[in-house]
Amino acid sequence: MKTAHDIVPPEACQSMEDVRLGIDTLDRELVAILSVRQRYIEAAGRIKPRKDEVRLPWRIEDVVAKVLAEADKQGLSKRIAEPVWRLLIDRCIDHEHEIWAKEHNSSKEKI
Ligand SMILES: C=C(O[C@@H]1C=C(C(=O)O)C=C[C@H]1O)C(=O)O
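These numbers were taken from a predicted model, which means no experiment stands behind them. (Residues numbered from 1 in each chain as written. Predicted model: local features only at pLDDT ≥ 70, side-chain atom pairs only at ≥ 80, totals over all residues. Heavy atoms only, no water.)

**A look at the environment of Arg37**
Looking at the element boundaries, Arg37 is found in helix α1 (residues 16–47). Relative accessible area serves as the criterion here: at 23%, Arg37 is assigned to the partly exposed category. For the pair Arg37 and Lys51, spaced 14 residues apart in sequence, the C-alpha to C-alpha distance is 20 Å. Not counting residues up to four positions away in its chain, the partners in contact with Arg37 are Val63, Trp85, Leu88, Ile89 and Cys92. (Helix = DSSP H or I, 4+ residues; strand = E, 2+ residues; numbered from the N terminus. Buried < 20%, exposed > 50% of the residue type's maximum accessible area, 1.4 Å probe, protein only. Contact = heavy atoms within 4.5 Å.)

**Quick look at the site of the ligand**
Close contacts around the ligand come from 14 residues, with Arg37, Lys48, Val54, Leu56 and Glu96 the closest. Between the ligand and the protein, one listed contact pairs an oxygen atom with a backbone N or O atom of Val54 at 2.9 Å. In the environment of the ligand, an oxygen atom lies 2.8 Å from a nitrogen or oxygen atom belonging to the backbone of Leu56. Protein chains shield 88% of the accessible area of the ligand, which is 370 Å² for the free molecule. When residues of the shell around the ligand are traced back to their parent elements, those giving at least two are α1, α2 (57–74) and α3 (78–110). Here the shell around the ligand gets four residues from one element, more than from any other, and that element is α3. Split into classes, the residues belonging to the shell around the ligand amount to nine nonpolar, no polar and five charged. (Near = heavy atom within 4 Å. Polar contact = N/O pair within 3.5 Å; in protein donor to acceptor, adjacent residues only side chain to side chain. Areas by Shrake-Rupley, 256 points an atom, 1.4 Å probe, with all protein chains shown as cover. Nonpolar A, V, L, I, M, F, W, Y, C, P; charged D, E, K, R; others polar.)

Here it is in structure tokens:
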């Protein structure tokens, strides 16, 4: 399997095959990273004691601000980064709610 080390750098691409191989390779890495992010969300759902702490507006803004600062440093468009992260966080919070409910209902059953 090709890795990020084998692909043609974007500026050196000469064909759509080069471009698509680069994108498909990076997408696999993004999926791997996002699946680890999802596991941190699952840990949050397990650790947070209260349901009303699952969505914390101050932390959402903190995450987005850090992402936008990094996007600026690394040359990622804010017009791509901001909506992608806001949707990602929104879906992560839905997932965290599901985990929170499972974790907290099953611990009640044990009592
Ligand atoms: C993981 C957390 O829970 C939520 C999920 C967030 C995320 O996906 O980054 C950010 C804010 C939280 O409402 C957290 O509070 O840090």
